[in-house]
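# Understanding the architecture of this molecule
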Amino acid sequence: METGMTAGAAPGDGKAPSPGSPRSRFYLADLRGEEFRETDLSGVRMRGVILEGADIDGAIYGLRVNGVEIAPLVEAELDRRHPERALLRDRSVPGLRAAHAAYAAMWEQTYERVAGMPPETVEVSVDDEYTFVQTLRHLVFCADGWLRWGAQARRDDDVFWPAGVAHTQYAPRSVELGIDPAAAPSYEDALAVRRARTREVGDFLADLTPERAAEPAEPPPWMDPSEPFTVGGCLSVVLSEEWEHHSFAVRDLDVIDGRARDEAPGDDDGLR
């Protein structure tokens, strides 16, 4: 495939150019079907491009398409589709409690949905994303980091569940926290631990006061320790992860359901 790349790091060398270094330029390049993951595209300029059927997911701010800033439009549409998403904006203690209650109920509905699907569903990955059971394990890891380590300031040996799944960038170092990369818990075990962490968050919120929520907190080890966080801020991250990963999980379950319908024999197949 001709890339038309004229400057910058060689493709696939894994090295990000240093500030001020020459950048890659793609001219008359064919990038159809290419995939970019965990990639920083800040400041990218596109002129005269064809973008048809593309799918973009990530932290997108200040993106303009044909002169129109996109983020406010996307935010408004997401809020329209998912009214419970607006709960994330209320950082007060009552707001955190309301968001937790809503998201816990939302997840329980999804567990019920999965219970009605084929057992192997929980191990299916769509487009190399987390499987459903990996999603639960990742959310346990998030709760352990932001609730136990962050909000509760726990430093005992069992802060992190060994079968938790760290995010991609931190996974190689997660063994330092007691994570076992070879762990393969059953779905039933992962679901039980996940529900236990949900209860932990709820119990902590039930006793949380505005004064305690405003106290400073040390973020988990994968964050910059100099970045200021509060106890309430740590809980906000937990809830943001809850919502984001639920949206990803439902998206993938819809794909799995769609594939099952496409593969099912039609009602009139026997007449053909």
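Cut-offs applied
Residues numbered from 1 in each chain as written. Predicted model: local features only at pLDDT ≥ 70, side-chain atom pairs only at ≥ 80, totals over all residues. Heavy atoms only, no water. Helix = DSSP H or I, 4+ residues; strand = E, 2+ residues; numbered from the N terminus. Buried < 20%, exposed > 50% of the residue type's maximum accessible area, 1.4 Å probe, protein only. Core = buried A, V, L, I, M, F, W, Y, C linked by side-chain atoms within 4.5 Å. Contact = heavy atoms within 4.5 Å. Salt bridge = Lys/Arg side-chain N within 4 Å of Asp/Glu carboxyl O. Expected span 1.5 Å × (residues − 1). Polar contact = N/O pair within 3.5 Å; in protein donor to acceptor, adjacent residues only side chain to side chain. Phe/Tyr/Trp six-rings, centres within 6.5 Å; stacked < 30°, edge-to-face > 60°. 1 Å grid on protein atoms, 1.4 Å probe; cavity = no way out; pocket = protein on both sides within 12 Å on 5 of 7 lines; lining within 4 Å. Points joined across faces, edges and corners; volume = space filled by probe spheres on them. Nonpolar A, V, L, I, M, F, W, Y, C, P; charged D, E, K, R; others polar.

Even without a glycine there, the phi angle at Asp127 is positive, about 55 degrees. Along the chain, Asp127 turns up in the loop between helix H2 (93–115) and helix H3 (132–151). What makes Asp127 exposed here is its relative accessible area of 56%. Its identity as a non-glycine residue notwithstanding, Asp128 has a phi of 65 degrees, on the positive side. Within the secondary structure, Asp128 sits in the loop between H2 and H3.

Take the nonpolar core next. It is characteristic of soluble globular proteins that their nonpolar side chains tend to be buried jointly. Of all hydrophobic cores here, the largest spans 32 residues; its most connected members are Phe141, Phe160 and Leu235. For this core, the elements supplying multiple residues, two or more each, are H2, H3, helix H4 (187–207) and helix H6 (231–263). Per-element accounting of this core gives the leading share, seven residues, to H6. Look past the residues within four positions of Leu235 in its chain and what remains in contact with it is Leu96, Leu147, Ala151, Val201, Phe204 and Leu205.

Quick look at the pattern of salt bridges now. According to the stated counting rule, one finds 20 salt bridges in the structure shown. Ionic pairing is found between Arg37 and Glu35, a salt bridge with its closest N-O pair at 2.3 Å. According to the relative accessible area criterion, Arg37 is partly exposed, its value standing at 36%. Take Glu35: its relative accessible area is 52%, and that puts it in the exposed class. Via salt bridges that share partners, Asp144, Arg148, Arg197 and Glu200 belong to a single interconnected network.

This paragraph deals with H2. If you check H2, its first and last C-alpha atoms are 33 Å apart, about what 23 residues at 1.5 Å a residue would give, namely 33 Å. Restricting attention to buried positions, one finds in H2 the residues Val93, Gly95, Leu96, Ala99, His100, Tyr103, Met106, Trp107, Thr110, Tyr111 and Val114. If you follow the buried residues of H2, they end up packed against H3, H4, helix H5 (210–213) and H6.

Before going further, it helps to spend a moment on the side chain of Thr131. Along the polypeptide, Thr131 turns up in the loop between H2 and H3. Within polar-contact distance, the side chain of Thr131 engages the backbone oxygen of Val122 at 3.5 Å.

Moving on, we get to the packing of aromatic side chains. For the structure on display, the rule yields ten aromatic pairs. Ring geometry for Phe160 and Trp222: centres 6.3 Å apart, planes at 65 degrees, overall edge-to-face. Of this pair, Phe160 sits in the loop between H3 and H4 while Trp222 sits in the loop between strand S3 (216–217) and strand S4 (229–230); the two residues are 62 residues apart in sequence, bridging distant segments of the chain. Comparing Phe160 with Trp222, the two get one shared label, buried.

Looking at the second largest pocket, its volume works out to about 150 Å³. Surrounding the second largest pocket, Met117, Pro118, Glu120, Thr121, Val124, Ile256, Asp257, Arg259, Ala260 and Glu263 form its lining. Looking at the lining of the second largest pocket, its residues break down into five nonpolar, one polar and four charged.

All right, on to empty space enclosed by the protein then. Considering all chains together, one arrives at three cavities of 30 Å³ or more under this definition. If you add up the space inside the largest cavity, you get close to 60 Å³. Taken together, Thr121, Val124, Tyr130, Thr131, Phe132, Thr135, Ala249, Asp252, Leu253 and Ile256 make up the full set of residues lining the largest cavity. Breaking the lining of the largest cavity down by element, the ones donating at least two residues are H3 and H6. Looking at which element gives the most residues to the lining of the largest cavity, the answer is H6, with four residues. Considering only residue class, the lining of the largest cavity consists of six nonpolar, three polar and one charged.

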